[in-house]
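# Examining the three-dimensional arrangement
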Amino acid sequence: MLKRLFFPLLIVTFVLSALSHYMHWGSEIEFVLAGLAILFAAGLLGKATESVAHYAGQRIGGLLNATFGNAAELIIAIFLIKEGLFDIVKASLTGAIIGNLLLVLGASALAGGLKFKEQKFNVHLAGQNASLMLLGIIALFIPAIFVKTEKISQQETMSISIVVAAFLIFAYIGWLVYSMFTHKDLLDDHVDTQADHGESPAWSRGTSILMLIVATVMVAFISEWLVHTLDTFSARFGLSELFVGAFVVAIVGNAAEHSAAVMLALKNKMGAAVEIAVGSSLQIALFVAPVLVFVSLLFGKEMDLIFTTIELAAIGVSVLIATSISRDGATTWFEGKLLLIVYAILGVSFYFV
Amino acid sequence: MLKRLFFPLLIVTFVLSALSHYMHWGSEIEFVLAGLAILFAAGLLGKATESVAHYAGQRIGGLLNATFGNAAELIIAIFLIKEGLFDIVKASLTGAIIGNLLLVLGASALAGGLKFKEQKFNVHLAGQNASLMLLGIIALFIPAIFVKTEKISQQETMSISIVVAAFLIFAYIGWLVYSMFTHKDLLDDHVDTQADHGESPAWSRGTSILMLIVATVMVAFISEWLVHTLDTFSARFGLSELFVGAFVVAIVGNAAEHSAAVMLALKNKMGAAVEIAVGSSLQIALFVAPVLVFVSLLFGKEMDLIFTTIELAAIGVSVLIATSISRDGATTWFEGKLLLIVYAILGVSFYFV
Amino acid sequence: MLKRLFFPLLIVTFVLSALSHYMHWGSEIEFVLAGLAILFAAGLLGKATESVAHYAGQRIGGLLNATFGNAAELIIAIFLIKEGLFDIVKASLTGAIIGNLLLVLGASALAGGLKFKEQKFNVHLAGQNASLMLLGIIALFIPAIFVKTEKISQQETMSISIVVAAFLIFAYIGWLVYSMFTHKDLLDDHVDTQADHGESPAWSRGTSILMLIVATVMVAFISEWLVHTLDTFSARFGLSELFVGAFVVAIVGNAAEHSAAVMLALKNKMGAAVEIAVGSSLQIALFVAPVLVFVSLLFGKEMDLIFTTIELAAIGVSVLIATSISRDGATTWFEGKLLLIVYAILGVSFYFV
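It should be emphasised that the depicted structure is a prediction, and the values quoted were computed from it without experimental measurement. (Residues numbered from 1 in each chain as written. Chains lettered and ligands numbered in written order. Predicted model: local features only at pLDDT ≥ 70, side-chain atom pairs only at ≥ 80, totals over all residues. Heavy atoms only, no water.)

### Describing the overall build of chain A
- Broken down by element type, chain A carries 14 helices and two strands.
- Relative to a compact globule of 353 residues, whose C-alpha radius of gyration would be 20 Å, chain A shows 19 Å and is just as compact.
- Oriented by its inertia axes, the alpha-carbon framework of chain A measures out at about 50 × 50 × 35 Å.
- By sequence separation, contacts in chain A at least 24 residues apart represent 84% of the contacts at least 6 residues apart.
- Total accessible area computed for chain A in this model is approximately 13300 Å², and 68% of it derives from carbon and sulfur atoms. (Helix = DSSP H or I, 4+ residues; strand = E, 2+ residues; numbered from the N terminus. Rg over C-alpha atoms; globule rule 2.2 N^0.38 Å. Contact = heavy atoms within 4.5 Å. Areas by Shrake-Rupley, 256 points an atom, 1.4 Å probe, with all protein chains shown as cover.)

### Digging into the environment of His24 of chain B
- Within the fold, His24 of chain B resides in the loop between α1 (2-22) and α2 (27-56).
- The exposure class assigned to His24 of chain B is exposed, which follows from its relative accessible area of 66%. (Buried < 20%, exposed > 50% of the residue type's maximum accessible area, 1.4 Å probe, protein only.)

### Brief notes about the side chain of Ser208 of chain A
All names here are of chain A.
- Note that Ser208 resides in helix α10 (residues 205-236).
- Under the relative-accessibility criterion, Ser208 is labelled buried at 0%.
- Every residue in contact with Ser208, bar those within four places of it in the chain, is listed here: Ala48, Ser51, Val52, Tyr55 and Trp203.

### Focus: the interface of chain B and chain A
- Residue-level contacts link 32 residues of chain B with 26 residues of chain A.
- Of the roughly 2800 Å² buried between chain B and chain A on both sides combined, carbon and sulfur atoms contribute 78%.
- Where chain B packs against chain A, one counts seven residue pairs in polar contact (both at pLDDT 80 or more).
- Every element with two or more residues in the side of chain B that touches chain A is listed here: α6 (123-149), α7 (154-182) and α8 (184-187) of chain B. (Buried area = accessible area lost by both parts, 1.4 Å probe. Polar contact = N/O pair within 3.5 Å; in protein donor to acceptor, adjacent residues only side chain to side chain.)

### Topic: the packing of aromatic side chains
- Tallied over the full model, the rule gives 45 aromatic pairs over all chains.
- Residues Phe243 of chain A and Phe247 of chain A carry aromatic rings whose centres are separated by 5.2 Å and whose planes lie at 20° to one another, so their mutual orientation is stacked. Placement of the pair is Phe243 of chain A and Phe247 of chain A together in helix α11 (residues 241-266), with a separation of four residues, close to one helical turn.
- Under the relative-accessibility criterion, Phe243 of chain A is labelled buried at 14%.
- Taking the relative accessible area as the measure of exposure, Phe247 of chain A reaches 6% and is therefore buried.
- Taken together, the ring pairs connect Phe146 of chain A together with Phe243, Phe247, Tyr343, Phe350, Tyr351 and Phe352 of chain C into an aromatic cluster.
- Geometry around Phe237 of chain A places Arg236 of chain A over its ring, the cationic atom sitting 5.4 Å from the centre. (Phe/Tyr/Trp six-rings, centres within 6.5 Å; stacked < 30°, edge-to-face > 60°. Lys NZ or Arg CZ within 6 Å of the ring centre and 35° of its normal.)

### Points about the interface of chain B and chain C
- Each partner contributes residues to the interface: chain B has 26 residues there, and chain C has 32 residues.
- With both chains or domains summed, chain B and chain C bury close to 2800 Å², and 77% of this area falls on carbon and sulfur atoms.
- Three residues stand out in chain B for area buried against chain C, namely Phe334, Ile345 and Phe352 of chain B, and they jointly supply 22% of the buried area on that side.
- Viewed at the interface, chain C and chain B are joined by zero salt bridges.
- At the boundary of chain B with chain C, the tally comes to seven residue pairs in polar contact (both at pLDDT 80 or more).
- Of all the secondary-structure elements, those providing two or more residues to the side of chain B that touches chain C are α13 (309-326) and α14 (333-352) of chain B.
- Broken down by element, the residue count for the side of chain B that touches chain C peaks at 14 residues, all from α14 of chain B. (Salt bridge = Lys/Arg side-chain N within 4 Å of Asp/Glu carboxyl O.)

### Re the relation of the copies chain B and chain C
- With an axial shift of 0.0 Å and an RMSD of 0.0 Å, the rotation relating chain B to chain C amounts to 120°. What the rotation and shift describe, once combined, is the action of a three-fold rotation axis. (Least-squares fit on C-alpha atoms with pLDDT ≥ 70 in both.)

### Details of the UniProt feature "domain: Sodium/calcium exchanger membrane region" (unreviewed entry) in chain A
- This chain's UniProt record puts "domain: Sodium/calcium exchanger membrane region" (unreviewed entry) on residues 31-180 and 208-347 of chain A.
- Between the C-alpha atoms that bound residues 208-347 of chain A the distance is 37 Å, and the span itself is 84% helix and 1% strand. (UniProt positions renumbered as here; feature names shortened; annotations may be inferred.)

### A look at α2 of chain B
- Given a rise of 1.5 Å per residue, 30 residues ought to cover 44 Å, and the 41 Å separating the end C-alpha atoms of α2 of chain B matches this to within 8%.
- Of the residues one or two after α2 of chain B, Gly57 of chain B is the one with positive phi, at around 90°. (Expected span 1.5 Å × (residues − 1).)

### Describing the side chain of Ser92 of chain B
Residues and elements named next belong to chain B.
- Tracing the backbone through its elements, the reader meets Ser92 in helix α5 (residues 86-115).
- Within the local environment of Ser92, its side chain forms a polar contact with the backbone oxygen of Val89, the two atoms lying 2.9 Å apart.
- If we ignore the near neighbours within four places in the chain, the residues touching Ser92 are Leu80, Gly245, Ala246, Val249 and Ala250.

### Details of the pattern of salt bridges
Residue and element names in this part refer to chain B.
- Applying the stated criterion across every chain yields a total of nine salt bridges over all chains.
- In this structure, the salt-bridge partner of Arg236 is Glu28, at a minimum N-O distance of 2.3 Å. Pair noted here: Arg236 is in helix α10 (residues 205-236) and Glu28 is in helix α2, with a separation of 208 residues, a long-range link.
- Measuring nitrogen to oxygen at the nearest pair gives 3.7 Å for the salt bridge that ties Glu224 to Lys82. Note that Glu224 is positioned in helix α10 and Lys82 in helix α4 (residues 71-82), a separation of 142 residues in sequence.

### Description of the packing of helix α11 (residues 241-266) of chain B against helix α12 (residues 270-298) of chain B
Residues and elements named next belong to chain B.
- Two numbers describe how α11 lies on α12: the axes approach to 7 Å, and their chain directions differ by 155°. Classified by the interaxial angle, the pair formed by α11 and α12 is roughly antiparallel. Crossing hand, α11 versus α12: left-handed. Each of Glu257, Ala260, Ala261, Leu264 and Ala265 in α11 lies in contact with α12, whose residues at this interface are Met270, Ala272, Ala273, Ile276 and Ser280.
- In the contact of α11 with α12, the residues fall into eight nonpolar, one polar and one charged. (Axes fitted to C-alpha atoms, helices over the stretch in contact; angles between N-to-C directions. Parallel < 35°, antiparallel > 145°, perpendicular 65-115°, else oblique. Left-handed = near helix turned anticlockwise from the far one by under 90°. Nonpolar A, V, L, I, M, F, W, Y, C, P; charged D, E, K, R; others polar.)

### Topic: helix α14 (residues 333-351) of chain A
- In this model, α14 of chain A (19 residues) spans 27 Å end to end at C-alpha, consistent with the 27 Å of a helix rising 1.5 Å per residue.
- With 16 of 19 residues buried, α14 of chain A lies mostly within the body of the structure.

### Observations regarding the packing of helix α6 (residues 123-149) of chain A against helix α7 (residues 154-182) of chain A
Residues and elements named next belong to chain A.
- Running from N to C, α6 and α7 cross one another at 175°; their axes reach a closest spacing of 10 Å. By the angle class used here, α6 and α7 are roughly antiparallel. Along its contact with α6, which presents Leu125, Gln128, Asn129, Leu132, Leu135, Ala139, Pro143 and Val147, the element α7 presents Thr157, Ile160, Val164, Leu168, Ala171, Trp175 and Tyr178.
- By residue class, the composition of the contact of α6 with α7 is twelve nonpolar, three polar and no charged.

### Considering the environment of Ile310 of chain C
- Locating Ile310 of chain C in the fold gives a position in helix α13 (residues 309-326).
- With 305 residues separating them along the chain, Ile310 of chain C and Leu5 of chain C place their C-alpha atoms 41 Å apart.
- Every residue in contact with Ile310 of chain C, bar those within four places of it in the chain, is listed here: Ile145, Phe146, Thr149 and Glu150 of chain A together with Leu242, Phe350 and Val353 of chain C.

### Here we look at the confidence of the model for chain A
Residue and element names in this part refer to chain A.
- Summing up the model confidence of chain A, the mean pLDDT is 86 and the portion of residues at 70 or higher is 94%.
- Predicted confidence in chain A is weakest over helix α9 (residues 193-198), with a mean pLDDT of 46, and strongest over α14, with 94.
- Here residues 190-198 scores under 50 on pLDDT; set against residues more than four positions off or in separate chains, the count is 14 contacts.
- Both scores are available for the predicted complex, with the pTM at 0.88 and the ipTM at 0.87. (pLDDT = per-residue confidence, 0-100.)

### With respect to the environment of Asn100 of chain A
All names here are of chain A.
- Within the element layout of this structure, Asn100 appears in helix α5 (residues 86-115).
- With relative accessibility at 0%, the residue Asn100 sits in the buried group.
- Taking C-alpha positions, Asn100 is 8.8 Å from Gly279, a pair spaced 179 residues apart along the chain.
- For Asn100, the contacting residues outside a window of four places in its chain are Leu105, Asn254, Glu257, Ile276, Ala277, Ser280 and Ser281.

Next comes the structure, spelled out in structure tokens:
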């Protein structure tokens, strides 16, 4: 029933959002409509990517998922960069990382843990993910510490950012080769995760590709409308742009992953839920963030990779607690609760900035 | 023999401490007598709590232990708050956490390790404890980093502290439900730790409750006398209040746990020793510290949860090394030595502040 | 073939380096010749230490290796201290620690991992090493945080440094007793690592001792020549002294360990390779660095143990990622690649300071 309503709802919210934008219905209503529309469009984009991936075969499909899995975030960020809103880009990247590691993983572990006593998953993958996340935070921390401590010019900062971004993409490509080709068996969860995600694809091959294009275009349009409402919205509700970027935008942009992961956890497929949550964070840190540095150069702008101290602290503690909890390859309801509490503590702290 | 002398010694030191306080025998002698008296009274309080817990049955008993296990520290801290000595409160909380994680755990592992080659304990519990301690330091670090980095008013700082304190107590309650009800079997050490601690209770049910009341009242009195000597004492010996709070007060207040844990380790019951040391730290970070924030409000004062940088550093490294050492569910003499060396390094550094 | 050329090459580079130094051929050529000569001389020193260790028996031999394994670094550092170049000493210690943990371990894991799917080693040793490295960074971080945050005089800083240095040496002695005597069996890699390193010694007992003396004297001479070229060299190529100390000197000084570890990894003896890389870092942090504090006092100079923020950050992240990767007692090519990428990120950042 809900599934059937999904597409009409997307069309309705998309049209309403377009109308509200071009006819200037007011920032609040524009923000709400764009938020609803992007929530559905991001969901469609995810479904379409999965469906195309299904027809493309396991390897190319995995690659597609790995590259376009966060396409919505990427597109939103590109529009923010075009407007020069680098601070909100970084806040939303931060929000996406901590949202996946704390909110998505926490809600999945809590929901699944209330139904099943202990939910296990591949311990090798957990360890590997931990090391990769660590690389991600090292790549963000090291340049930041150097820039904040030593006398480093803006130009040198940009040079460091570009080199580090290139290394991160290089590491991410290595990870794809490693996890999909050379060491696939070691990291497998002894379940067909491909099947877990998409079950059977909703559309034929042709429709899938069409849907992918439609969803991408829609996300692109709505992103632009959404971006324009952000500052009036945050001013109206007395929220800092940091809070809006890190919590509001990130939660809206991640809603699809969120519901998918919780559903999987409730089916006792915690391995797949972890893969969505942690995999998505890794993709943002090791792929989306560095790609955006190069995207900014294409626009003739210069977005460096230097995050603020509190963003780094938020990312750091999220990685720390998420890896501490997932390292043993098992989760329980209490561990889910812990992750959600850390998310709430970060939310409260960001709210007061 | 020593057991029989215990109660008379408590009475004698209590009376002497009272006399020295009301007759003004001088700060040094008042401090020494109050220190001795509180050492015995804290021991009695611990014994009485255990004994009452024994009669109350395993679950209510466990709850009592978990809530009143650090009653002495709590009472001392309340008197410090009444006097507005927030800095010493935080120093003594810091001292209690690092004292339990480094001194108590270290001495237990070293003493036990000199007798037994390797001492094992429940590896699940160790992992769970590590994640909980991590929550504790995150809850202390995040507000501190935000307050020290961003422009946040004292009123907002207090708001953040209250919310974070509420979340910590919420997490602690979750932990009690988790470890005593839903996942008790998973965390059990395959030994009756209840029996380990108290063996058979020393007193009848009625006497136990009487002793609990007597000990609580005594600790309350001595705490007030002790607090009054602190500043003259620290001035007299050229020690900073920070050092006195974090090392002198904490060691005196923890003496009972300390000797109990070492005794258990010498009986090769390292699991119970770890539970005392780590459990006590967790209780301070997740229960005593946040409760004190609310206690301060009752007194019409406002103690926030923002610790100093060096206190946070001390707590952070203690958690890091203690979890690194206990994570594998086994300790050796050398790991005990490592913990003690870190404690010594912290002691030396605090001494020079 | 290469082995036969080794000794003649050492003699030739040593003589050329001596000539260039005394006849002032110019900083660049002096630096290159001294670099080549010290590379060969450090290799000879390592070989001679191993050979003498072989004849001395396993225990004394292990002790010799543990004490003189980084003799070349120690000698270079002593000459730097004599010249008062404390900053370069600390940079080169930093460089040796991160070089071993990232470059040597990373190259070994990558090279070995391209040949073997997964390379396993003693998981107990990995855990123990992690705790020890943690002690090392705690000992460097704590005094630094106190000194940078609180008002602590230079004299007090020196006192803290001396006490901490003494504790580190005390911990290192404990580690030797622990790993060579009381818990040797627990940490053994089920292979004769002694044999792995040296196979059969190249020289007779007498020749070995002679070689040890010759190599020590050579390293001492070349170190002095090398030190004198450093500032003109770094000025000439626009490199900071920090970069030269942390990367150029460290790579040259570690070349012998580096090639040995990679060779072992290619023979699927990853345990021995890890022992070289991590063992060498431990030796620098827990033995060489604190010994140098006392050495500086002998020269009537005062080198404290306070490293710069970026040096501490570099050491901290190196330990974090190396322990995260080695903790499970197995490495793969991708983990090697990760370590090398972190090394490259640090290299780029230091380059721009």
